[in-house]
Amino acid sequence: MRDFLPADKARRERVLAVIRERYRAHGFDEIETPVMEEYGRLHAGIGGDNEKLAYNVLRRGLDADAIRKAADDPARLTDLGLRYDLTVPLARFYASHRAELPAVFRSIQIAPVWRAERPQKGRYRQFVQCDIDIIGDASARAEAELAIATLDTLDALGLHGGGIRINDRRLLDWMLAGFGFADAERAGVLITIDKLDKIGPDGVAAELRERGATAAAVDAFEAFLRRRQAEAGVGFGEAQIRAALPEQAPDDVVAHLAGIGEAVAAARGEVPLVFDPFLVRGMGYYTGTILELAHPSVTYSLGGGGRYDGMIGRFLGQDVPAVGFSIGFERIVDLVAQTPDAAAEAIVLVHDRDVPVAELVAHKARLVAGGARVRLETRTKNLTGLLARATADGYTAFATVAAGQAELTLKPLG
């Protein structure tokens, strides 16, 4: 968990303002949910490994004896927890407010979340997520809208050339069954397959054998990987998707993915999508399409998401189609070029100690009324240091103020 100095905070807010504006331009509406949810919702088996990282809140009123008796049962010790993502709160929000929302609801959520991560570079215990979700649309239009809005937002931030890797969890399940992996071992197999980019086909096959996965299935999987490398195609469409899969791939799933590509191409004039049959993404609640945002300037992903048609039904009692995408704000904010806020001139008034307060605030009020941002600073011996700090804080001009001075002369900073 981090503190942010004024310049850092201003930069983050500028990036967030761009993200909000582009999301709203694409028809999404912002909501807000509480930072805490009920323990049972956060630990319903739909949050994957993130459930293990949740911060739980001790029940009120427990005495020492009650705490000792419940020490081995977190559900008896705690009744609330800090949200570890924004998807579980959204599902609860929709189930609570469905009658007040449109049939197809397009949501924006931009807010902090908390996970008990081991602190390290790029991993924080409190961080901001920027989510857009579409609830109530099972068609390829929903994924296409998310992809288009996300790529448009990346462009608006000056990060042109982004693309999206795409797959479907139904295809993964179909392939693993076809290779011969048993139902009980597939979750572990997917964990290993998710390392394909890092350790390569040989490493994945070796790890699967070390895990004791079905030997014949590992052989079939390894053979397919070799064939796929030799037959890798270019572009995104039904032909390319089928070429990257074993024969007899499910027609409805392939058609759904191809439909996403057609819609994105119609909006952007190109198809910045890449089909990756072994894209996994770890969230346990994904039921269909999965997506991951990539940019040529970095080797890691800048966001991701997918379809979670089964989650809302856990709260509502009936299934509702849903799909979402989250931009990795903490990663993106470090890539965006640092540009000063051009919305208003930022001025420092450096005044002598004997200037009456009434004169100072009158000067400041006139500048503020003209649209400027104004800070008052008492003159110090080290004027250079004072102005350097103001420049670092985003101020662009300064003026010196003496007692009785009627007009100010602005000079540029930097």
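Here, the structure is the one placed above.
Calculation criteria
- Residues numbered from 1 in each chain as written.
- Predicted model: local features only at pLDDT ≥ 70, side-chain atom pairs only at ≥ 80, totals over all residues.
- Heavy atoms only, no water.
- Helix = DSSP H or I, 4+ residues; strand = E, 2+ residues; numbered from the N terminus.
- Buried < 20%, exposed > 50% of the residue type's maximum accessible area, 1.4 Å probe, protein only.
- Contact = heavy atoms within 4.5 Å.
- Areas by Shrake-Rupley, 256 points an atom, 1.4 Å probe, with all protein chains shown as cover.
- Lys, Arg positive; Asp, Glu negative; His and termini not counted.
- Charge placed at Lys NZ, Arg CZ, Asp CG, Glu CD.
- Salt bridge = Lys/Arg side-chain N within 4 Å of Asp/Glu carboxyl O.
- Phe/Tyr/Trp six-rings, centres within 6.5 Å; stacked < 30°, edge-to-face > 60°.
- Axes fitted to C-alpha atoms, helices over the stretch in contact; angles between N-to-C directions.
- Parallel < 35°, antiparallel > 145°, perpendicular 65-115°, else oblique.
- Left-handed = near helix turned anticlockwise from the far one by under 90°.
- Nonpolar A, V, L, I, M, F, W, Y, C, P; charged D, E, K, R; others polar.
- Arc of directions from axis to C-beta.
- Expected span 1.5 Å × (residues − 1).
- Polar contact = N/O pair within 3.5 Å; in protein donor to acceptor, adjacent residues only side chain to side chain.
- Pairing = 2+ DSSP bridges.
- Core = buried A, V, L, I, M, F, W, Y, C linked by side-chain atoms within 4.5 Å.

Thoughts on the overall build of the chain
Logical step 1: Along the chain, the regular secondary structure elements total 16 helices and 15 strands.
Logical step 2: By its C-alpha atoms, the chain is 90 × 65 × 45 Å across when sized along the principal axes.
Logical step 3: Here the chain, with 414 residues, has 45% of them falling under the buried criterion.
Logical step 4: Taking contacts inside the chain between residues at least 6 apart in sequence as the whole, the part at least 24 apart equals 66%.
Logical step 5: Working note: accessible area of the chain is about 20400 Å², and carbon and sulfur atoms make up 52% of it.
Logical step 6: Across the chain, 51 positive and 58 negative side-chain charges occur, with their mean positions spaced 6 Å apart.

Focus on the pattern of salt bridges
Logical step 1: Evaluated as defined, the whole model comprises 30 salt bridges.
Logical step 2: Ionic pairing is found between Glu 377 and Arg 389, a salt bridge with its closest N-O pair at 3.3 Å. With Glu 377 in strand 13 (residues 373-378) and Arg 389 in helix 16 (residues 383-392), this residue pair connects regions lying twelve residues apart in the sequence.
Logical step 3: Given a relative accessible area of 41%, Arg 389 falls into the partly exposed group.
Logical step 4: Residues participating in the shared-partner salt-bridge network are Arg 165, Asp 197, Asp 276, Arg 281 and Glu 292.

Regarding the packing of aromatic side chains
Logical step 1: Applying the stated criterion to the full structure yields five aromatic pairs.
Logical step 2: The interplanar angle of 45 degrees and the centroid separation of 5.7 Å between the aromatic rings of Phe 179 and Phe 224 together place this pair among those described as tilted. Taken together, the residues Phe 179 in helix 7 (residues 169-179) and Phe 224 in helix 10 (residues 215-231) connect sequence positions 45 residues apart.
Logical step 3: The buried category is assigned to Phe 179, whose relative accessible area is 11%.
Logical step 4: Seen from their ring centres, Phe 221 and Phe 278 are 5.4 Å apart, and the 85 degrees between their planes marks the pair as edge-to-face. One end of the pair, Phe 221, is in helix 10; the other, Phe 278, is in the loop between strand 8 (273-275) and strand 9 (289-294), and 57 residues separate them in sequence.
Logical step 5: Using a relative accessible area of 0% as the deciding quantity, one classes Phe 221 as buried.
Logical step 6: Here Phe 278 falls in the buried class, since its relative accessible area comes to 3%.
Logical step 7: Counting every residue linked through ring pairs, the aromatic cluster contains Phe 179, Phe 221, Phe 224 and Phe 278.

Observations regarding the environment of Tyr 300
Logical step 1: Mapped onto the elements of the fold, Tyr 300 is located in the loop between strand 9 and strand 10 (303-307).
Logical step 2: Considered as a pair, Tyr 300 and Ile 19 are 281 residues apart in the sequence and their alpha carbons are 20 Å apart.
Logical step 3: In contact with Tyr 300, not counting residues within four places along its chain, are Arg 331 and Leu 335.

Quick notes on the packing of helix 1 (residues 6-25) against helix 6 (residues 140-156)
Logical step 1: At a minimum axis distance of 9 Å, the contact between helix 1 and helix 6 shows a crossing angle of 140 degrees. Classified by the angle between their axes, helix 1 and helix 6 sit oblique to one another. Here helix 1 runs over helix 6; the crossing is right-handed. Residues Val 18, Ile 19, Arg 22 and Tyr 23 of helix 1 lie in contact with helix 6, whose contacting residues are Ala 149, Asp 152, Thr 153 and Ala 156.
Logical step 2: Per-class residue counts for the contact of helix 1 with helix 6 are five nonpolar, one polar and two charged.

Focus: helix 16
Logical step 1: Those residues of helix 16 that fall on the buried side of the exposure criterion are Leu 386, Leu 387 and Ala 390. Seen end-on, helix 16 carries its buried residues on one side only, within an arc spanning 95 degrees. Seen from the buried face of helix 16, the exposed residues on the opposite side, beyond 90 degrees, are Thr 384 and Ala 392.
Logical step 2: As for helix 16, its buried residues are in contact with strand 12 (346-351), strand 13 and strand 14 (397-401).
Logical step 3: One or two residues past the end of helix 16 sits Gly 394, with phi positive at roughly 100 degrees.

Considerations on helix 1
Logical step 1: With 20 residues, helix 1 should cover 28 Å at 1.5 Å per step; its first-to-last C-alpha distance of 28 Å lies within 8% of that length.
Logical step 2: Among all positions of helix 1, only Arg 11, Arg 12, Val 15, Leu 16, Ile 19 and Tyr 23 are buried. Along the axis of helix 1, the buried residues cluster in a sector spanning 130 degrees; they form a single face.
Logical step 3: Close packing links the buried residues of helix 1 with strand 5 (105-114), strand 6 (126-135), helix 6, strand 11 (322-327) and helix 14 (329-335).

Description of the environment of Ser 326
Logical step 1: The topology assignment puts Ser 326 in strand 11.
Logical step 2: When the C-alpha atoms of Ser 326 and Thr 87 are compared, they prove to be 9.6 Å apart, with 239 residues separating the residues in sequence.
Logical step 3: Residues within four places of Ser 326 in sequence aside, it is in contact with Gln 129, Cys 130, Asp 131, Gly 303 and Gly 304.
Logical step 4: Within polar-contact distance, the side chain of Ser 326 engages the side chain of Asp 131 at 2.8 Å.

Focus on the sheet that holds strand 15 (residues 411-412)
Logical step 1: The sheet built from four strands is open, its strands ordered 13-12-14-15 with mixed pairing. Looking at the sheet topology across the chains shown, the edges are occupied by strand 13 and strand 15.
Logical step 2: In this sheet, strand 13 lies alongside strand 12 in parallel orientation, the contact comprising six bridges. Following the sheet pairing, Val 350 is matched in strand 13 by Glu 377.
Logical step 3: Together, strand 12, strand 13 and strand 14 form the strand contacts of helix 16, whose direction differs from that of strand 12 by roughly 160 degrees.

What to know about the sheet that holds strand 5
Logical step 1: On the basis of which strands lie adjacent, the open sheet formed by eight strands has the order 1-5-6-11-10-9-7-8 and mixed pairing. Edge positions in the sheet fall to strand 1 (29-30) and strand 8, since each has one partner strand and no second.
Logical step 2: Those strands touched by helix 7 are strand 7 (163-168), strand 8 and strand 9, and its axis lies near 50 degrees from that of strand 7.

Overview of the nonpolar core
Logical step 1: With 89 residues, the main nonpolar core has Cys 130, Phe 181, Phe 221 and Phe 278 as its most contacted residues.
Logical step 2: No other element matches the nine residues that helix 6 contributes to this core.

Coordinates in, geometry out; function isn't part of it.
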